[in-house]
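# Observations on chain architecture
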Amino acid sequence: MIFSMLAFEWRYFVRQPSFIVTCLIFFLLPYLSITIENVQIGGGGNVNFNSPFTIAQTMLILGFFGMFLVVNFVANTAIRNDTVLMSEILYTKPIKAFQYQLGRFLGAYLVVLAVMLMVPLGLFIGSLMPWLDAERVGPFSFYAYLIPYTLFTVPTVFVLSAIFYAAALRFRSMMAVYLFALGLFVIYGASGAMFAEPQQRDMLAITDPFGIRAFFDVTRYWTPSQKNVDIIGLEGNIFYNRMLWILLGSIMLFGLGKLFSPLSIARKNDKKKKAGLIYSPPMDNDIGHKYTSGADLKQFTTRVAFEIKQVMLSPGFIVLMLIGAVLVITEFVDPAGFYGANNWPLTQYMILLIQNAFSLSLIIVITFYTAEVVWRERSTGIGDIVDSMPVQNFTFWMSKLLAVCVVILLLLLVGVVATVANQVSRGFINIDLSQYLVSLLYFTALPWIMLVVLAFFIQVLSPNKYVGMLIFVGYFFVSLAFNQLGIEHNMFNYSASPSMLYSDMNGYGWAMLTQHYYMLYWGAFALVLSAFSFALWQRGPETSLKSRIANIGYGLGKRGQTAVVIGTVVFISVGTLIHYNTKVTNQYMSSDEIKDSQARYEHSFAQFLDDPIPSTTAVDIDVAIFPELRKIEAIANLTLTNKTNLAITRFLVNYPNYSTIEIEGAIITDYNADFKSAWMSFEKPLLSGESVDIKITVIRQHRGFKDKDEDVALVKNGTFIDNFSLLPTFGVNRGYYLSDQHERRKQDLPPPQRAYKLEDESRYNESFFGKHIGMIDFKATVSTSENQTAIAPGYLVDYYSEGKRNYFVYEMDTPMINFYNIMSAELKVKTEVYNGVEIAVYYHKDHAWNIDRMIQASKDSLDFFTNAFGPYQHRQLRIIEFPGYRRFAQSFANTVPYSEQIGFITDLRDADEIDPVYYVTAHEVAHQWFGHQLDAANVQGSAILSESLSQYAALQVMLKQYGEVKLRKFLSYELDAYLKGRSTEYLEEMPFMRAENQQYIHYRKGSVVMLAIADRIGFAPLNRALKGLIEKFRFSETRRATTLDLLEAIKQVSQEKDYAFIQQQFSEITLYDIRLEAAQWLPERSQIKLNVDVSRYIADGDGNEEKVPFSDWVDIVVFSDDPNDFDLDTQILYRQKHKLSDGENELTINIDAVKDEKNINIVPAYVGVDPFIRYIDRDSKDNILAL
Amino acid sequence: MLTITNINKTYSNGVKALDGVNLNIAKGLFGLLGPNGAGKSSLMRTIATLQQPDEGEIQFDNIDVVNQADELRRRLGYLPQEFGVYPRISAYELLDHLAILKGITAKGERHEAIEGLLAHTNLFAHRRAAVSSFSGGMRQRFGIAQALLGDPDLLIVDEPTAGLDPEERNRFHNLLVSLGKDKVIILSTHIVDDVSELCPDMAILGNGKILLQGNPIEVTNKLAGKIWRKTILPEEIESIEKKFDVISKRLFAGRTVLHVKADEAPLGFESAPATLEDAYFDVLKRQRSASVNQEKSLSDTDSFDAKQA
């Protein structure tokens, strides 16, 4: 019985077109992901196309979309008998309910599994394709396909099937199933938002019904070599996740699925009929009233009201709105905050939250509502009656379209209500309703509504609603990959427009103009789609598409023909304008063209890389900024000096983007428009030590608009440009080289060289800022519009207004590195003089929250650094806010530009959180020493000297301000970011001292390593070593510092017993695994017994690890309370280093009684091994236990 | 008034639903008789603009039905054989909605017409109840009411009396006759009595073809004196069928009554008055034997046709 029902379902579905279509989709997506490099689902970097990790990841991600399959097949099975009106016939047969239901369930389940089997098949066949880069195809492993399939696909599909089958059986409605699908999606999203903190990862991993997060939890720190070899097993949270969900699925299926209930037909809503008012039926009424011409308008309004009412009164609608609210509310738990700190609920963030909350789920809403609404008459059975009414197709089409639009708009409204409530509840009352309106209606809803128009068009052409839904969803997923498929220009991606970045400083910037053009363009296209949609509207189920097309002229009517003509004309003419603006007025290059150009550049010029080039030694620059025009006119008078030992005959210059350049005092030849480069020479060769003055005129201006690559440096309010972007640069620009090793191989380029060898002494006289970058004398005159302030390094020596323009003259009195910024914006300023240094913060008027904190951090930092590392070279320190298009802070001489997105808008009211404002400020101030005083040589490890040392300096200020327990939280973020960073390394992980501009090393690992060393040898000796290093290399241009110098300096202040540890940190990739296995508090003896397991590994650059002996000192710390919880006033009751060796360690520690204010002994509550993160611990979660 | 010229329709599954249908229908009630699957509904739906013929033309009062669907719909009333309704909407509200779709824009007119139709279909007492909760017969009456909205000049009713009790059926017949004077009413049915009671003109449809068209009385008269009847035992049927042109077998009180068509009285048969039913069965029988013969003669070319398809 079970088997025959199963077989029936199987036979039923494999003949359905939807089975074939979905099989194709689920075969093609993974196939393409492997065979077309641009389409990627998993993998990337150093990981093979067919690595076990990539296979599992692809299967998991597509498993998520398997939800649609389950809805289609399983839920369809559950209620098919009702929908096709077979139930009365079937249920009177002598069928055993349980066997019948279970058989059908299993049949449908198997069908979904069969479709999902296409994923490994597609991956496997894809990996055999001959055009693949053989170096990136690993050996075939059957288990790499089988295990993820059995571990993830089989149970996940079971869980989804069980839930949807149960829901469908119980509620006997497809809508209920859709809502369950959406609900599951919400659970997924909500748990993601709620358990975003590192310590909640277990919850996050276990609560994901798809197992995706469990997988990523277990593989979080996998290195490329592990990804290529290891096959995921039923380990860690994957086990718990699978068990939990199989259990839940079974409960749903057997408990709630009504499998055992006798088969019965759906109950009709048989409300008691109320007797009508008793008066005699009006038999004599005139029933002969006829069609009156001009009924169209009345029909239209009636139909619109009717459709909207139908949508809003359907039981799913309220639930959908609730789900919408939940989706938005779960986003309030802001996981994106810097180091866990929240940002103020600015309207621009609230809008992002709404967009994030709805982006994917809205596609589900559009797909399902469009299908329901378009096919409503057909599915209720009134289609024949309504279709034969004298109503224009247009009326049906438009009223239904409006109904779906109303759903979308109401969802957004729910989002706005929720976010405004959130803003108010968090005490933020600067609510920008006009921004809500513009961003959500014009930038969000309008493109979605165009998608609805497309969904309608597809449904109109489709033979039934399921095919229409599949085609639309298929289109959507393909459109997500358009970029990777080479369809990059927004002119070719329906309803797309250049991305909008909002900045409180600069508003919508250029995006408003582009949005006008692109919306008009796609709107015209949508208009044509609309006309064809209603022209081809299906009246009667047997009206074939062919006959509708044959009669299209009649279907269009005058209105439709006009729409098609107007739409086509507007589409073509606006399209022409867009083409002209984005590709003629402005340069447009696809990413492939850019790669080719990069390769040609390297092929052409790599041979000149080591040619001698002059250094700029004096700059007198006049920069006129015209913010309204987005125009800069700059005249730079430069003194170029030959600091090399060779004569310079000619050298390469690279011209900046968006600019026209004139150079006087030099000869320019061989201008190459492709690379915007040329050769520069002088009348006679520039001999060693000689100088020459040149004058460069730059006009940088923006005309028309672009499709991508907007110039975020030159904007109406918030210009921030540095000299490398504004002026031509000299010498071969290695920054323009292709960096990806695989791309390089394809272009016949040698493997990438990110940095010169640490031991390459010939580079010690080059700066890490650039080969020829040295110290300059600096003077700048910057003018801007009357309401803006212009800023450059140096001190303001003159200021005047003339002809509605402000002029600022800056001069630097100390040597500074040839790296400077020009800024202009409407800014407020707060200034304070502290110990002879003027501290000034320039900020946007609405972002005044953290100005005092920045000033405080600056004071503390200046104090500390001056004391620890030597004098500050300037009399002034300025922090300047710039628009959030770029998210960083950067240190120039006496000047720190600071992005709107970090620091300025952080909500610091919660004292429990890490204070990122204080930290970033301290870090940037530290760069005035590490980077500006101590310039690093152009070899491996250069960023360690600037970034790791700035981290170390900043963390000391943090430690002083916030204490060790809070620093622990900061370090746990750093350790995590390092371990994650190394798992996505695309080339090779380097040891600390050889880091090649790898952020996860020089920032993240740097924090942990430097504090670990300080913990060994003491902060004071380490600071002394750094001070010595600065003194030795301060402003030196002949011999710059390296990490070897740093290591040497540190060793000089350390004891020999610590040499080994320090050397390991510097020259090896060392990882530890420290685990507190058990801890027992023996109150009678005042002792704690501990079992600690320790191991140490050395990894190579690919992440292959080797176990090595360990014998070293490790902190054992006893706390009075949970050290993870800052609310508690946790005290440290015991803190001592113990010598541990690899393997099991058993130790007993004696606790001296510590008394609280009431003179009662404090009971030890938690004990930790290395709780303050002095070791790079692969899993720092298992270091602390409660007693 | 309604002219159907050479309509052909083949469905995508290969079934030929309409095969060279020609009809001329004047004002008044027109009965369309035929067995299940004869193509009645296909023809009705084609006239009701819900599907398009592969070939042929339909003219109604100078409207080209295929290419001017909207114009026809203004004058059309259609009751499909099967239909459902929107959930949660009362009879009055749904009729009101449909009345607007039918183009009765004046509220007063709409109200008057709807109440009148509810009265005529005996649904007035249930006008506030949801149509989705109606029983089969009530729902069928609702369907009739909506078809009559807007006083259509062309009324197409597909199996309208299915599910109606005799009383309601009579009520409906009276209504149709009273309306039939100045409109074209096409009534499809497989109940011969419906046609003989109501229609001055009729056609019999079989296998997508018009087998016969005419006035029921004239059609019947052609068989007058040629119908013979005999009551027999079931086991005798086979031998008689071989000898005579048996057009119908019917049970009466447990025994079989045979009708035979012949110019002279066969032995043992008594004369019977010709009825429309006799004519109907006679036509169907001739059509079936003809198509069997045709199939035999075509069987040689079958394989060729299959390839063509």
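None of these values were measured; they are calculated from a predicted model. Starting from 1, residues in each chain are numbered consecutively following that chain's sequence as written. Numbering of ligands from 1 and lettering of chains from A proceed in the order in which they are written. Only residues with pLDDT of at least 70 are given local features in this predicted model, and only at 80 or more are side-chain atom pairs given and counted; all residues enter the totals for whole chains, interfaces and linings.

What follows is about the overall build of chain B. Across its full length, chain B carries 11 helices and 14 strands. Taking the principal axes of its C-alpha atoms as reference, chain B extends roughly 70 × 50 × 35 Å. Residue burial in chain B is summarised as follows: out of 309 residues, 46% are buried. For every residue pair, C-beta atoms are placed from the backbone, and the pair is scored as a contact if these atoms sit within 7 Å. Partitioning the contacts of chain B with sequence separation of at least 6, the portion at a separation of at least 24 is 67%. What counts as a helix is a DSSP run of H or I of at least four residues, what counts as a strand is a run of E of at least two, and both are numbered from the N terminus. With C-beta atoms placed from the backbone, a residue counts as buried when 20 or more other C-beta atoms lie within 10 Å of its own, as exposed when 12 or fewer do, and as partly exposed for counts between those limits.

Right, let's get into the nonpolar core. Residues and elements named next belong to chain A. To count as a nonpolar core, a set of buried Ala, Val, Leu, Ile, Met, Phe, Trp, Tyr and Cys residues must be joined through C-beta atoms within 7 Å. Counting 387 residues, the largest nonpolar core has Val112, Phe164, Tyr165 and Val177 as its most contacted members. Discounting residues that sit within four places of it in the chain, valine 112 has contacts with Gly66, Leu69, Val70, Phe73, Val74, Val157 and Ser161. By size, the runner-up hydrophobic cluster in this structure holds 14 residues, among which are Tyr601, Phe651, Ala678 and Leu686.

Residue and element names in this part refer to chain A. Mapped onto the elements of the fold, serine 1067 is located in helix 34 (residues 1059-1067). Owing to 15 C-beta atoms within 10 Å, serine 1067 belongs among the partly exposed residues under this scheme. Once the C-alpha coordinates of serine 1067 and leucine 412 are considered, the two residues, 655 residues apart in sequence, prove to be 54 Å apart. The residues touching serine 1067, leaving out its near neighbours within four places in the chain, are Pro991 and Met993.

The next subject is the interface of chain B and chain A. Counting residues at the interface gives 45 residues for chain B and 44 residues for chain A. Counting residues per element, the ones that place at least two in the side of chain B that touches chain A are helix 2 (69-73), strand 6 (76-79), helix 3 (91-101), helix 4 (107-120) and helix 5 (136-148) of chain B. Per-element tally for the side of chain B that touches chain A: the top contributor is helix 4 of chain B, with eight residues. Following the grouping adopted for this structure description, the nonpolar residues are Ala, Val, Leu, Ile, Met, Phe, Trp, Tyr, Cys and Pro, the charged ones are Asp, Glu, Lys and Arg, and the polar ones are all others, Gly among them. Residue classes in the side of chain B that touches chain A are distributed as 19 nonpolar, 14 polar and 12 charged.

Residues and elements named next belong to chain B. Positive phi, close to 55°, is recorded for asparagine 6, a residue that is not glycine. One non-glycine residue with positive phi stands out, namely aspartate 61, at about 50°. Mapping aspartate 61 onto the fold places it in the loop between strand 4 (55-60) and strand 5 (63-64). Using a count of 13 C-beta atoms within 10 Å as the deciding quantity, one classes aspartate 61 as partly exposed.

Residues and elements named next belong to chain A. Taken together, the four strands give an open sheet; going across it, the order is 24-23-26-27, and neighbouring strands pair in antiparallel fashion. Unpaired on one side and paired on the other, strand 24 (1132-1141) and strand 27 (1184-1186) mark the two borders of the sheet. Ignoring strand direction, the axes of neighbouring strands in this sheet form an average angle of 20°. Two strands pair if DSSP finds at least two bridges between them. Looking at chain direction, strand 23 (residues 1111-1119) and strand 24 are connected through nine bridges and run antiparallel. Within strand 24, the position partnered with serine 1111 by the bridge is serine 1141. In this analysis, axes come from line fits to C-alpha atoms, helices being fitted only over the stretch in contact, and the angle between any two N-to-C directions falls in the range 0 to 180 degrees.

Before going further, it helps to spend a moment on the domain arrangement of chain B. The accessible area lost on association of the parts is a frequent measure of interface size. Residue and element names in this part refer to chain B. Domain parsing of chain B yields domain 1 (2-214) and domain 2 (220-308). Each of domain 1 and domain 2 has a C-alpha centre, and these two points are 32 Å apart. Facing the 10 residues of domain 1 at the interface are seven residues of domain 2. Elements with a minimum of two residues in the side of domain 1 that touches domain 2: helix 7 (192-198), strand 9 (201-206) and strand 10 (209-214). Take the side of domain 1 that touches domain 2: its biggest share by element is three residues, from helix 7. Segment limits for the domains were obtained from an automatic or database-derived domain assignment.

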